[in-house]
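# Working through the structure, step by step
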Amino acid sequence: MDNLGLIRTTHGLVWLRDKGHDAKTTQRLLPKRYKTLRYTMNPLSFHSRLRCIVLAVLCSFTTLFVLPATAQVGPTAAEIAQYKGLHAAAQKGDVAQIEKLAASKAALNARDSNGRTPLHVATFARQQDAIRALVKAGADINLLDNDRYDGITIASVADDEETLRVLLSLGANAKLITSRYDGTALIAAAHLGHDGVVKQLIAAGAPLDHVNNLHWTALIESIVLGNGGARHQESLRALLAAGASHQLTDRQGNTPLQLAKSRGYQEMVQMLERAGAR
């Protein structure tokens, strides 16, 4: 099962828990790779065990936005060792070499094996001066790599507020649809509780109520894929203050307030209720 399958499985498990389905139903619907969990589920402790299952599946795909082997694929050590020209200069942050190569008409938007441009590489490496030099020379700041990530989403997932600030100042577009989930940088940041990033993206005009192909908005993801902690709370607070909808539901019709209540996220519940959520 790939990561998309895992996240859809978890979406289903969250729905089962929220709808109160019995143990037999959940056992039948769990994928085979979780058969140990399926066969050890005790109906008498169904809800507590289901919470553990949901967390286990979530742990299986926390790499979705965090580790490079799954969704955002940063350059490996082997790839970096093979880089030449602008990709090598971007990785090292060698501004003089970038300027020299640009002057000699090097391809500013050349792609490596994963579709990364030098600007993507510089963003992964947090080489802000290299990013400035590439954009000044004419590099396209809004291109997507093979996994459909742009510089803004790369920086947002990395919780790299300074690189994000540089990209936005240079004209990067915070409204792009990115990733295999047809999401946005704002959704990714809210999912991870990167509250400072969330605030920058809101200020840059990121779409507040975009719905990805899992039928989740940034506000919903701050709840269902968060941990209810301080940074996810602050992300939710920022989204509400900016006017994000607290009425849009998930695919099963659950409102953000219902989702927060079902998880026991009392601080989030209070925020949503103060905002008029029902």
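Rules and cut-offs
Per-chain numbering applies: the sequence of each chain, read as written, is numbered from 1 onward. Note on the predicted model: pLDDT of at least 70 is required for a residue's local features to be given, and 80 or more for side-chain atom pairs to be given and counted; whole-chain, interface and lining totals, by contrast, use all residues. For side-chain calculations, the full set of non-hydrogen atoms in the structure is used, while hydrogens and water are omitted. Secondary structure elements are taken from DSSP: a helix is a run of H or I of four residues or more, a strand is a run of E of two residues or more, and numbering for both begins at the N terminus. With a 1.4 Å probe rolled over the protein chains alone, any residue whose accessible area is under 20% of its type maximum counts as buried; one over 50% counts as exposed, and the rest are partly exposed. Contacts were defined at the residue level, with two residues in contact if any of their heavy atoms lie within 4.5 Å. Accessibility throughout is a Shrake-Rupley quantity obtained with a 1.4 Å probe, and a residue counts as covered only by protein chains that appear here. The set of buried Ala, Val, Leu, Ile, Met, Phe, Trp, Tyr and Cys residues whose side-chain atoms join them within 4.5 Å is what this entry labels a nonpolar core. The working definition used for a salt bridge is a side-chain nitrogen of Lys or Arg within 4 Å of a carboxyl oxygen of Asp or Glu. One number per residue, pLDDT, summarises how confident the predictor is, and it ranges from 0 to 100. Axis definition: a line fit to C-alpha positions, over the contact stretch in the case of helices; interaxial angles, taken between N-to-C directions, run 0 to 180 degrees. Here the word oblique covers every angle except those under 35 degrees (roughly parallel), over 145 (roughly antiparallel) and from 65 to 115 (roughly perpendicular). Each crossing gets its handedness from the near helix: less than a right angle anticlockwise from the far helix is left-handed, clockwise is right-handed. Polarity classes work like this: nonpolar for Ala, Val, Leu, Ile, Met, Phe, Trp, Tyr, Cys and Pro, charged for Asp, Glu, Lys and Arg, and polar for all others, with Gly in that last group. Charge convention: Lys and Arg are scored as positive, Asp and Glu as negative, and His as well as the terminal groups of each chain are ignored. N or O atoms closer than or at 3.5 Å make up a polar contact, with two conditions inside protein: a donor-capable atom paired with an acceptor-capable one, and, for residues adjacent in sequence, both atoms drawn from side chains.

## Details of the overall build of the protein chain
Scanning the protein chain from N- to C-terminus turns up 17 helices and zero strands. Considering the protein chain as a whole, with its 278 residues, one finds that 53% of them fall into the buried category. Across the protein chain, contacts joining residues at least 24 apart in sequence account for 70% of those joining residues at least 6 apart. For the protein chain, the accessible area works out to roughly 12,200 Å², and carbon and sulfur atoms hold 52% of it.

## Quick notes on unusual backbone geometry
Positive phi is not limited to glycine here, since Arg-148 has a value of about 70 degrees. One can find Arg-148 in the loop between α9 (128-137) and α10 (151-157). Exposure remark for Arg-148: the relative accessible area of 30% places this residue in the partly exposed category. For Asp-182, which is not glycine, the phi dihedral falls at a positive 50 degrees. Locating Asp-182 in the fold gives a position in the loop between α11 (161-169) and α12 (185-192). Residue Asp-182 is classed as partly exposed on the basis of its relative accessible area, which comes to 29%.

## Regarding the nonpolar core
Counting residues in hydrophobic clusters, the biggest one holds 60 residues, and the most contacted among them are Ile-152, Leu-201, Leu-239 and Leu-272. Beyond its immediate stretch of four places on either side in the chain, Leu-272 contacts Leu-219, Ile-223, Leu-236, Leu-240, His-246, Pro-256, Leu-257, Ala-260 and Ala-277.

## Some points on helix α6 (residues 85-92)
Most of α6 is tucked away: six of the eight residues are buried. Buried residues along α6 sit against α5 (77-82), α7 (95-103), α8 (118-124) and α9. Directly after α6, the chain includes Gly-93, whose backbone phi takes a positive value near 75 degrees.

## Overview of the pattern of salt bridges
Enumeration according to the criterion identifies 12 salt bridges in this entry. The salt bridge involving Arg-165 is made with Glu-162; its shortest N-O contact spans 3.0 Å. On the criterion of helical spacing, the pair formed by Arg-165 and Glu-162 is a turn pair, its members being three residues apart in helix α11. Residue classification places Arg-165 among the partly exposed residues on the basis of a relative accessible area of 40%.

## Comments concerning the confidence of the model for the protein chain
The share of residues in the protein chain with pLDDT of 70 or more is 74%, and the mean pLDDT across the chain is 84. Confidence over residues 55-70 falls short of pLDDT 50; this stretch has 38 contacts with residues more than four positions distant or in other chains.

## Quick notes on the packing of α6 against α7
At their nearest, the axes of α6 and α7 sit 8 Å apart, and the two run at 155 degrees to each other. In terms of orientation, α6 lies roughly antiparallel with respect to α7. As for how α6 packs across α7, the hand of that crossing is left-handed. On the side of α6, the interface is formed by Gly-85, Leu-86, Ala-89 and Ala-90, while α7 contributes Gln-97, Ile-98 and Leu-101. Of the residues that constitute the contact of α6 with α7, the class distribution is five nonpolar, two polar and no charged.

## Quick notes on the side chain of Asp-250
With respect to the helices and strands, the residue Asp-250 is situated in the loop between α15 (230-242) and α16 (256-262). Buried charged residue Asp-250 carries no salt bridge. Nearest counter-charge: Arg-263, at 6.6 Å. Looking at Asp-250, its side chain comes within polar contact range of the main-chain nitrogen of Gln-252, at 2.9 Å. Setting aside anything within four residues of it in sequence, one finds Asp-250 in contact with His-215, Trp-216, Ile-220 and Leu-259.

## Section: the environment of Arg-251
With respect to the helices and strands, the residue Arg-251 is situated in the loop between α15 and α16. Arg-251 sits 37 residues away from Leu-214 along the chain, and the two C-alpha atoms are 7.7 Å apart. Looking at Arg-251, its side chain comes within polar contact range of the main-chain oxygen of Asn-213, at 3.0 Å.

## Considering α11
Residues that lie three or four places apart on an α-helix share one face, since the helix turns once every 3.6 residues. Among all positions in α11, only Thr-163, Leu-164, Val-166, Leu-167 and Leu-168 are buried. Elements in contact with the buried residues of α11: α8, α9, α10 and α13 (195-203). Remark: Gly-171 follows α11 within two positions and exhibits a positive phi of approximately 100 degrees.

## Notes on the environment of Lys-136
If you trace the backbone, Lys-136 turns up in helix α9. When the C-alpha positions of Lys-136 and Ala-102 are compared, they lie 9.8 Å apart, and in sequence the two are 34 residues distant.

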